[in-house]
Amino acid sequence: MRGSFAVDNPIPDPAGLRRTYEGGELAETTLPADPLDLFAAWFADAAALAALAEPNAMVLATASAEAVPSVRTVLLKGYGRDGFRFFTNLTSRKGRDLAENPRASLLFPWHSMHRQVIVAGTVEELTRSESAAYFRTRPYGSRLGAWASEHQSAVISGRAELEARWAELARRWPDPAALPDAGPGTGRGDDDAVPLPDFWGGFRVVPETVEFWQGRPNRLHDRLRYRRVPATPPGGGETWKVERLSP
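Residues numbered from 1 in each chain as written. Predicted model: local features only at pLDDT ≥ 70, side-chain atom pairs only at ≥ 80, totals over all residues. Heavy atoms only, no water.

Draft legend 1. Layout of the overall build of the chain. The helix and strand tally for the chain stands at six helices and nine strands. In the chain, which comprises 247 residues, the proportion classed as buried is 37%. Here the analysis covers contacts within the chain between residues at least 6 apart in sequence; of these, 63% occur between residues at least 24 apart. Only carbon and sulfur atoms are counted for the fraction: they give 55% of the accessible area of the chain, which is about 14,200 Å². Once the 30 positive and 31 negative side-chain charges of the chain are each reduced to a mean point, those two points are 3 Å apart. (Helix = DSSP H or I, 4+ residues; strand = E, 2+ residues; numbered from the N terminus. Buried < 20%, exposed > 50% of the residue type's maximum accessible area, 1.4 Å probe, protein only. Contact = heavy atoms within 4.5 Å. Areas by Shrake-Rupley, 256 points an atom, 1.4 Å probe, with all protein chains shown as cover. Lys, Arg positive; Asp, Glu negative; His and termini not counted. Charge placed at Lys NZ, Arg CZ, Asp CG, Glu CD.)

Dropping the structure here:
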């Protein structure tokens, strides 16, 4: 039996949705030597655009040891010459994937700017001290949420189970900012009120390639990819090679 009329004849029809990309270009002559410099400039543009919600949202693609892919959206929490950092439950599907197969790809989908950035490379787990330093900056409720979702990606009986777990944790670790003798604060509570879970931490994607995509008219998009070139001779500084890709 075929699907419903609404599925077989969608309104609006995805095939008819089109947009012309105008107003931007990406030329080899204007590129910096290091892709992180261009990423920083584009990220600043994205953060300054009110119409673009959560400019640090990125699509993270991983694969298991059996090459079974999975994808989800996570938030970028730092970047630099050493790579792009994010944090998660280490026992989640992505955490398990990265333990088995420490490679990943990131996509920054800045649609309203007609831009994308795609990063691919190896993945390193951050140190416990790095993860703890970031965890202390999270809002009190989010830190409890990390504990409440200890078995992230596992099947649960319902939302009530999750909320009951959160309430139990709030009784165990009360928010100091909500106590009667607490002074004025940010609402996060004491930075050490909720400890770092042993099943929670961060990862760094160390880029091997970084592709910058700029939408152009007639689907003749600009795609410029930086590819890391090993040092020659060994021990020297690594460089980046820029390649234009066909759209």
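Read on for the rest.
Draft legend 2. Focus on the packing of helix H5 (residues 140-148) against helix H6 (residues 159-172). Close contact between H5 and H6 brings their axes to 9 Å; oriented N to C, the two are set at 120°. Between H5 and H6, the crossing angle belongs to the class labelled oblique. The interaxial crossing formed by H5 with H6 has right-handed handedness. Of the residues in H6, those touching H5 at Tyr 140, Gly 141, Leu 144, Gly 145, Trp 147 and Ala 148 are Leu 162, Arg 165, Trp 166, Leu 169 and Ala 170. Taken together, the residues of the contact of H5 with H6 break down into eight nonpolar, two polar and one charged. (Axes fitted to C-alpha atoms, helices over the stretch in contact; angles between N-to-C directions. Parallel < 35°, antiparallel > 145°, perpendicular 65-115°, else oblique. Left-handed = near helix turned anticlockwise from the far one by under 90°. Nonpolar A, V, L, I, M, F, W, Y, C, P; charged D, E, K, R; others polar.)

Draft legend 3. Highlighting the layout of surface pockets. Space inside the largest pocket adds up to approximately 370 Å³. Considering the residues around the largest pocket, the lining is formed by 17 residues, among which Phe 87, Thr 88, Arg 138, Gln 152 and Trp 200 are closest to the centre. A total of four residues in the lining of the largest pocket trace back to one element, the largest contributor, which is strand S4 (residues 83-89). Residue composition of the lining of the largest pocket, by class: seven nonpolar, seven polar and three charged. In this model, the second largest pocket occupies a volume close to 190 Å³. Lining the second largest pocket are Trp 147, Ala 148, Ser 149, Glu 150, His 151, Gln 152, Ser 153, Ala 154, Ile 156, Glu 161, Leu 162 and Arg 165. Going through the elements one at a time, H5 and H6 are the ones with two or more residues in the lining of the second largest pocket. Sort the elements by how many residues they give to the lining of the second largest pocket and H6 lands first, with three residues. (1 Å grid on protein atoms, 1.4 Å probe; cavity = no way out; pocket = protein on both sides within 12 Å on 5 of 7 lines; lining within 4 Å. Points joined across faces, edges and corners; volume = space filled by probe spheres on them.)

Draft legend 4. Spotlight on helix H2 (residues 35-48). For H2, which comprises 14 residues, the first-to-last C-alpha distance of 20 Å matches the rise-based estimate of 20 Å (1.5 Å per residue) to within 8%. Where H2 is concerned, the buried positions are Pro 35, Leu 36, Leu 38, Phe 39, Trp 42, Phe 43 and Ala 46. Looking straight down H2, one finds its buried side chains confined to an arc of 155°; they lie on one side. Capping the start of H2, Asp 34 holds a side-chain oxygen 2.8 Å from the backbone nitrogen of Leu 36, two or three residues further along. (Expected span 1.5 Å × (residues − 1). Arc of directions from axis to C-beta. Polar contact = N/O pair within 3.5 Å; in protein donor to acceptor, adjacent residues only side chain to side chain.)

Draft legend 5. Quick look at the environment of Met 58. Within the secondary structure, Met 58 sits in strand S1 (residues 57-63). Linking Met 58 and Arg 143, residues 85 residues apart in sequence, is a C-alpha distance of 21 Å. With residues near it in sequence (within four places) discarded, Met 58 still touches Arg 72, Thr 73, Val 74, Leu 75, Leu 76, Arg 85, Phe 86, Leu 106, Leu 107 and Phe 108.

Draft legend 6. Structural detail: the pairing of strand S8 (residues 222-229). Inspection of the sheet shows strand S7 (residues 200-214) paired to S8 by six bridges, in the antiparallel sense. Following the sheet pairing, Phe 212 is matched in S8 by Leu 224. Inspection of the sheet shows S8 paired to strand S9 (residues 239-244) by six bridges, in the antiparallel sense. Looking at S9, one finds that Tyr 226 is bridged to Val 242. (Pairing = 2+ DSSP bridges.)

Draft legend 7. Representation of the nonpolar core. Of all hydrophobic cores here, the largest spans 32 residues; its most connected members are Phe 39, Phe 108, Trp 110, Val 117 and Phe 212. Residue contributions to this core peak at six residues, all from H2. In this structure, Phe 108 is in contact with Phe 39, Pro 55, Asn 56, Ala 57, Met 58, Leu 76, Phe 84, Arg 115, Gln 116, Val 117 and Val 119, ignoring residues within four places of it in sequence. Phe 87, Tyr 134, Tyr 140 and Ala 170 belong to the second-largest nonpolar core, a separate cluster that totals 16 residues. (Core = buried A, V, L, I, M, F, W, Y, C linked by side-chain atoms within 4.5 Å.)

Draft legend 8. The arrangement of the side chain of Asp 175 in detail. Tracing the backbone through its elements, the reader meets Asp 175 in the loop between H6 and S7. Arg 143 provides the closest opposite charge to the buried, unpaired Asp 175, separated from it by 6.3 Å. (Salt bridge = Lys/Arg side-chain N within 4 Å of Asp/Glu carboxyl O.)

Draft legend 9. Geometry of the packing of aromatic side chains. Inspection of every chain in the model, using the stated rule, returns 20 aromatic pairs. Relative to Trp 110, the ring of Phe 43 has its centre 6.3 Å away and its plane inclined at 50°; by these criteria the two rings are tilted. Here Trp 110 lies in strand S5 (residues 103-110) and Phe 43 lies in helix H2, a separation of 67 residues in the sequence. Judged on exposure class, the residue Phe 43 and its partner Trp 110 are both buried. With a centroid separation of 4.3 Å and an interplanar angle of 15°, the aromatic rings of Phe 87 and Tyr 134 are classed as stacked. One end of the pair, Phe 87, is in strand S4; the other, Tyr 134, is in helix H4 (residues 128-135), with 47 residues separating them in the sequence. According to the relative accessible area criterion, Phe 87 is buried, its value standing at 14%. A network of ring pairs unites the aromatic residues Phe 39, Phe 43, Tyr 79, Phe 84, Phe 108 and Trp 110 as a single cluster. The lysine or arginine in question, Arg 115, covers the ring of Trp 42, its NZ or CZ lying 4.2 Å from the ring centre. We note Arg 172 situated over the ring of Trp 173; from NZ or CZ to the ring centre the distance is 4.9 Å. (Phe/Tyr/Trp six-rings, centres within 6.5 Å; stacked < 30°, edge-to-face > 60°. Lys NZ or Arg CZ within 6 Å of the ring centre and 35° of its normal.)

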